[in-house]
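# Coordinates in review
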Amino acid sequence: MNITIPTAPLGLLRRLNGAGYEAYVVGGCVRDAIMGRAPSDWDICTNALPQQVIDLFSDHPVAKTGLQHGTVMVIEDGVGYEITTFRTDGAYSDHRHPDQVAFVSSLREDLARRDFTINAMAYHPEKGLVDCFGGREDLAAGLVRCVGDPDRRFQEDGLRLLRALRFAARFGFRVERSTGAAIHRNRSLLDHIAVERIFTELKGFLVGQGVGPLLREYRDLVAQVLPELEPMFDFQQHNPHHCWDVWEHTVRAVEAVEQSTVLRLTMLFHDCGKPDCFTRDENGVGHFYHHGRRSEELADQMLTRLRCDNRLRKQVLLQVRTHDQPLPQTEAAGRRFLNRMGEEGALQSLAVHRADMLAQAPETWPEKQSMLDNAEHILRGLLEKRACFGIRDLAVNGNDLIALGYRSGPALGGELNRLLELVLDGTLANERETLLEQAEGDLKEK
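The following paragraphs examine the structure supplied in this document. These numbers come from a predicted model, not from an experiment.

On to the packing of aromatic side chains, then. All chains considered together, the criterion is met by 6 aromatic pairs. Judged by centre distance (5.4 Å) and plane angle (50 degrees), the rings of F171 and F173 are tilted. Note on F173: relative accessible area 11%, which makes it buried. Through successive ring pairs, a cluster of aromatic residues spans F116, F167, F171 and F173. Stacked on the ring of F288, the Lys or Arg K274 has its end atom at 4.7 Å from the ring centre.

A separate point is helix α18 (residues 365-384). Given 3.6 residues to a turn, an α-helix orients residues that are three or four positions apart in the same direction. Taking 1.5 Å of rise per residue, 20 residues should cover 28 Å, and α18 covers 27 Å from first to last C-alpha, within 8% of that figure. Residues of α18 that are buried include every one of L372, A375, I378, L379, L382 and L383, and no others. The arc enclosing the buried residues of α18, seen along the axis, measures out at 130 degrees, which places them on a common side. In α18, the exposed residues that point more than 90 degrees away from the buried face are P366, H377 and E384.

Strand order across the open sheet formed by 7 strands is β3-β4-β5-β2-β1-β8-β9, with mixed pairing between neighbours. If you trace the sheet from one side to the other, it starts and ends with β3 (62-63) and β9 (128-130), each paired once. Sheet analysis places strand β1 (residues 23-26) next to strand β2 (residues 43-46), joined by 4 bridges and oriented antiparallel. Bridge assignment links A23 to a residue of β2, and that residue is T46.

In this structure, E196 sits in helix α9 (residues 195-206). A relative accessible area of 34% means that E196 is categorised as partly exposed. Not counting chain neighbours up to four residues away, the residues in contact with E196 comprise L306 and R307.

Helix packing for two helices is described by the angle between their axes and how far apart those axes are. The geometry of helix α7 (residues 160-171) relative to α9 is characterised by a closest axis approach of 8 Å and an angle of 20 degrees between their N-to-C directions. By the angle between their axes, α7 is roughly parallel relative to α9. Read as a crossing pair, α7 and α9 show a hand that is left-handed. Of the residues in α9, those in contact with L162, R163, L165, R166 and A169 of α7 are I198, E201, G204 and F205. Here the residues of the contact of α7 with α9 are counted per class, giving 5 nonpolar, 1 polar and 3 charged.

Take the environment of I3 next. Within the element layout of this structure, I3 appears in the segment before α1 (7-18). With relative accessibility at 9%, the residue I3 sits in the buried group. Spatially, the C-alpha atoms of I3 and L56 are 25 Å apart, while their sequence positions differ by 53 residues. Leave out the neighbours within four places in its chain, and I3 touches V30, A33, I34, W42 and Y123.

This next bit is on the side chain of H242. Structurally, the position occupied by H242 is in the loop between α11 (219-225) and α12 (246-256). Only 3.3 Å separates the side chain of H242 from the side chain of Q237, close enough to count as a polar contact. If sequence neighbours within four positions are ignored, H242 has contacts with Q237, H249, K274, Q360 and A361.

Although it is not a glycine, H290 adopts a positive phi angle of roughly 65 degrees. Checked against the element boundaries, H290 lands in the loop between β13 (286-287) and α15 (291-305). Its identity as a non-glycine residue notwithstanding, R307 has a phi of 60 degrees, on the positive side. Along the polypeptide, R307 turns up in the loop between α15 and α16 (310-322). When its relative accessible area of 60% is taken as the criterion, R307 is described as exposed.

Calculation notes
Residues numbered from 1 in each chain as written. Predicted model: local features only at pLDDT ≥ 70, side-chain atom pairs only at ≥ 80, totals over all residues. Heavy atoms only, no water. Phe/Tyr/Trp six-rings, centres within 6.5 Å; stacked < 30°, edge-to-face > 60°. Buried < 20%, exposed > 50% of the residue type's maximum accessible area, 1.4 Å probe, protein only. Lys NZ or Arg CZ within 6 Å of the ring centre and 35° of its normal. Helix = DSSP H or I, 4+ residues; strand = E, 2+ residues; numbered from the N terminus. Expected span 1.5 Å × (residues − 1). Arc of directions from axis to C-beta. Pairing = 2+ DSSP bridges. Contact = heavy atoms within 4.5 Å. Axes fitted to C-alpha atoms, helices over the stretch in contact; angles between N-to-C directions. Parallel < 35°, antiparallel > 145°, perpendicular 65-115°, else oblique. Left-handed = near helix turned anticlockwise from the far one by under 90°. Nonpolar A, V, L, I, M, F, W, Y, C, P; charged D, E, K, R; others polar. Polar contact = N/O pair within 3.5 Å; in protein donor to acceptor, adjacent residues only side chain to side chain.

All quantities given are derived from atomic positions and should not be read as evidence of function.
Rendered as C-alpha cells:
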C-alpha cells in the first residue's frame with residue numbers, strides 16, 4: 001500500500017536516510033492514513049540518536065523538551081515534527097512514565113513498546129508498511145487491541161485504559177476481548193493519573209461516535225473516575241415516562257445528542273441526582289422532584305474535581321440545572337428564555353430536551369416533540385428578527401437616558417432593566433422613541 005507523506009515530513013525522512021539512518025513515519029499518522037483520514041500530525045522514528053538528530057538538523061529550530069525520552073522536535077515551515085529514537089522502556093513506577101529508556105537499533109523493538117496495534121505501525125515510501133503486530137488487520141476488523149500483554153501495557157500507563165475507550169468510541173470500534181478484560185481488572189490504575197489528563201481523555205471518549213456501547217460495557221471504569229454516577233446503575237424509575245433504568249436512559253441520551261463536549265457532558269450528568277431525589281407516591285409511581293438542582297450540585301462536584309475550565313463548567317451546569325424545565329411556548333416566554341439562557345444556551349437547551357425525550361418511553365414522544373418543535377420555531381424566529389432579549393439589544397442605552405436627565409448609577413441601571421422588562425413582556429416595542437418616551441415619563445414620576 002502507498003501512503004502520501006506531505007512535503008515537510010518527507011523531507012525530514014529523506015535527510016535522515018541520506019545521512020545513513022533508518023527513519024519511518026510512525027503511529028497515529030500511519031493509522032489515520034490507512035483509514036483514509038487526514039493525519040493531524042506526522043511523527044518520525046529513527047535509529048539516529050537524539051544528539052545525531054540535533055546535529056543533522058542544526059540549520060533548523062529544534063525543541064529539546066522530550067530529550068530524556070529520545071524525542072527531538074524539529075521545526076519545519078513553522079510546524080513541529082517529533083523525531084524519536086528507537087527505544088525500549090524501563091519500569092513505570094508511577095504507572096504513567098518510564099523511569100528510564102534504552103535506545104535500540106531495532107524498529108520492531110520500538111513498535112513492541114507501543115500501546116495498541118493500530119498505533120504500532122510504521123511506513124517508509126520505499127520499504128512500505130511495517131506492521132509487526134497485526135494493526136492493519138485490527139483496523140479492518142474494527143478492533144482496539146493492546147500490543148502484547150494487555151495487563152503489562154495498562155500497568156505501564158494507566159491512562160491507556162481511557163485511551164482504549166477513546167479510540168474505540170472515535171472510530172466506532174470494539175475493544176478486543178482480552179484487552180477489554182484487562183481494562184476491567186486494572187481500572188484502579190486511574191487513581192494514579194492526573195485528573196487533567198483523565199478529563200482530556202474522558203472528553204475525547206464522550207464525543208466519539210461509538211460511545212454508547214462502551215458506556216454500557218465499561219461503566220465500572222466510568223465509575224472509577226466519576227463515582228457519583230454509580231448510583232444510577234440499574235436504578236429503576238417506576239415512571240410511565242421511562243422504560244429504562246437511569247443509567248440506560250443516560251446512555252441513550254448521550255447517544256442521541258450531537259457530538260459536542262458541552263452537550264455530551266450535559267447528558268452524562270443531567271440525571272445523576274435522580275437516585276438521591278427518588279420518591280414513590282401512593283400508586284407506586286416514581287418521582288424525582290428537584291433532581292435538576294441535585295444533578296447540578298453533583299456535576300459541579302465532578303467537574304471541579306476534574307479541573308474543568310470555568311466556561312465549560314458553567315455551560316454544562318446551566319444545561320443540567322434547566323434540562324427538565326419547560327421550553328417556551330409563546331413569544332413573550334421565548335424572549336425571557338433567551339434573556340435567561342443566552343442565544344447559545346437556548347439552542348443548546350433545545351438539543352438537550354430533544355435528546356432527553358429520545359431516551360424516554362417512545363409512546364410519550366409525540367406530545368413532547370410537538371412542544372419542542374413549537375419552542376424551536378419561536379426561538380429561531382426571535383433570533384432571526386433580532387428580537388430584544390437583553391439590555392445590549394435595547395434601542396436606547398445609558399447615554400440616551402443621561403441626556404434625558406438620569407444620573408449614572410443604580411437609578412440608571414434600574415431604568416434600563418425596567419425598559420427591558422416591558423419589552424420582554426411585549427408591553428413596549430423596542431423602538432427608540434417609544435422607549436425614550438417611557439423613560440422620560442418614569443423620570444417625571446420620581
